[in-house]
Amino acid sequence: MEHSFIAVMHFAGMKAVGESVQKPLLYYQVNLTASMNLLQVMQANGVHNLVFSSSATVYGDPQRLPIDEQHPVGGCTNPYGKTKFFIEEMISDQCKANKDWNAIMLRYFNPVGAHISGLIGEDPQGIPNNLLPYVAQVAIGSREHLSVYGDDYDTPDGTGNREALLDYTHVVDLAKGHIAALKKLQENFGCKAYNLGTGTGYSVLQMVMAMEKASGKGELKQNGQGILQQRMTLRSIRRGSWCKKCKCPLTEEASHVVREGTRRHRICITFIQEDVCFENLEEGETQSR
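> I tried to follow the confidence of the model for the chain on my own but got confused; where do I start?
Reading fine detail from the predicted coordinates is not recommended where pLDDT is low. Considering every residue of the chain, the mean pLDDT works out to 77; 73% of them sit at 70 or more. The model gives residues 221–280 a pLDDT under 50, and that stretch makes 193 contacts with residues more than four places away or in other chains.

Here is the structure:
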């Protein structure tokens, strides 16, 4: 053959939690059948190294915080999370049955942002299913306001999700984590799971305040109807940082930064954690706390 393959990164699948509740059979058919087909094709062609893009939804409702890899899995609250859990089980069983297989399952929480170029990023055509794209559309005037439901959760300002702060991780950092996992597969260790994240949680209003801070306008106001959009021009903000652990440059930083992707009018929400490094996945090291 002209080309040979030594590993597979499995990202494909349907991913909207709400839609999975409305269309469970579709999610089971697409996500599970496609993954089984992929594993069979890999086996038939002698490719036995896999990085699976999983999800923290496999943990279900947290039994304790922070969540580490030893937290029980399987108590999923929606069909989407169940498909991720079932796929993890398939991969684990395949590795147990075939000792020449190696797999890393990466569990992460809330991916956000876009590439700094603006050429690749999230630009939902309909109503966004996630907070950050929705806030971005309010900021540029595509939507009138953001409705915030609940102000009495056990968080600093009362807003949150199931009484918890959410960990948001930039997509570029997640990409680095997948590359690190690909390198670690060379150690031939069987099947392992790692969390990816910043280790820092944010409330809904903290995310909105991040948009205000990055814009320099502070014009996204809250009232009884939610966060109202007023005229607002976003400025492109560029920051850099260094990982304290290995001194490698990071694209993102711990303070919340909002960038305008000028080429395609995308809003890039960026988060950086100064002490998080995705260059290496060490044995037993948790990337999200």
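> Teacher, can you tell me more about the nonpolar core here?
Soluble globular proteins tend to bury their nonpolar side chains together. Ranked by size, the top nonpolar core spans 14 residues in total, and within it Leu131, Leu132, Val135, Leu146, Tyr168, Met207 and Met211 carry the most contacts. At the level of secondary structure, the elements contributing two or more residues to this core comprise α4 (131–139) and α6 (204–215). If you tally residues by element for this core, the top one is α4, at six residues. Residues Val8, Met42, Phe52 and Met105 belong to the second largest nonpolar core, which totals 13 residues.

> I tried to follow the sheet that holds strand β1 (residues 8–10) on my own but got confused; where do I start?
Backbone hydrogen bonds are what pair the strands of a sheet, in a parallel or an antiparallel way. A sheet is described by the order of its strands in space; here four strands give the open sequence β1-β2-β3-β7, paired in parallel fashion. Two strands bound the open sheet, and with one partner strand each, they are β1 and β7 (191–196). Each adjacent strand pair in this sheet contributes to an overall mean axis angle of 15 degrees, direction not counted. With five bridges connecting them, strand β2 (residues 49–53) and strand β3 (residues 102–108) associate as parallel partners. Paired with Val51 across the bridge in β3 is Ile104.

> Mind showing me how you'd approach the sheet that holds strand β4 (residues 110–112) here?
Spatially, β4-β6-β8 is the arrangement adopted by the three strands of the open sheet, whose pairing is mixed. Whereas interior strands pair on both sides, the edge strands pair on one side only; in this sheet they are β4 and β8 (201–202). The pairing of β4 with strand β6 (residues 166–170) spans three bridges and is parallel. Residue Pro111 lies in a different strand from β6, and its bridge partner there is Thr169. The sheet contacts of helix α5 (residues 171–184) involve β4 and β6, and relative to β6 the element is tilted by about 75 degrees.

> Got a minute to help me understand unusual backbone geometry in this structure?
Keep in mind that most residues, glycine aside, have a negative phi and that most peptide bonds are trans. Cis geometry is adopted by the peptide bond preceding Pro66, which originates at Leu65 and carries an omega value of 0 degrees. Residue placement: Pro66 occurs in the loop between β2 and α3 (79–97). The backbone phi angle of Asn188 is positive, close to 55 degrees, even though this residue is not glycine.

> Even after reading the chapter, I still don't get the pattern of salt bridges, so can you show me in this structure?
Counting across every chain of the model gives four salt bridges. Measuring nitrogen to oxygen at the nearest pair gives 3.9 Å for the salt bridge that ties Glu19 to Lys23. By relative accessible area, Glu19 is classed as partly exposed at 27%. With a closest N to O distance of 3.1 Å, Lys184 and Glu187 form a salt bridge. Looking at Lys184, the relative accessible area reads 5%, which means it is buried.

> Would you mind showing me how to read the pairing of β2 here?
Look at any regular strand and the pattern is simple: side chains alternate between the two faces of the sheet. For β2, a buried count of five out of five residues is recorded, marking the element as mostly surrounded by other parts of the structure. In β2, alternate side chains face the same way, and those of Asn49, Val51 and Ser53 on one face and Leu50 and Phe52 on the other are all buried. Each parallel crossover has a hand, and for β2 linked through α3 to β3 it is right-handed.

> When you look at α4 in this model, what are you seeing that I'm missing?
A turn of α-helix holds 3.6 residues, and therefore any two residues three or four places apart point the same way. Within α4, eight of the nine residues are buried, which leaves it mostly tucked inside the rest of the structure. Within the sequence span of α4, burial applies to Leu131, Leu132, Pro133, Val135, Ala136, Gln137, Val138 and Ala139. Of the residues flanking the end of α4, it is Gly141, one or two places downstream, whose phi is positive at about 90 degrees.

Analysis parameters
Residues numbered from 1 in each chain as written. Predicted model: local features only at pLDDT ≥ 70, side-chain atom pairs only at ≥ 80, totals over all residues. Heavy atoms only, no water. pLDDT = per-residue confidence, 0-100. Contact = heavy atoms within 4.5 Å. Core = buried A, V, L, I, M, F, W, Y, C linked by side-chain atoms within 4.5 Å. Buried < 20%, exposed > 50% of the residue type's maximum accessible area, 1.4 Å probe, protein only. Helix = DSSP H or I, 4+ residues; strand = E, 2+ residues; numbered from the N terminus. Pairing = 2+ DSSP bridges. Axes fitted to C-alpha atoms, helices over the stretch in contact; angles between N-to-C directions. Salt bridge = Lys/Arg side-chain N within 4 Å of Asp/Glu carboxyl O. Right-handed = clockwise from strand over helix to strand, strands pointing away.

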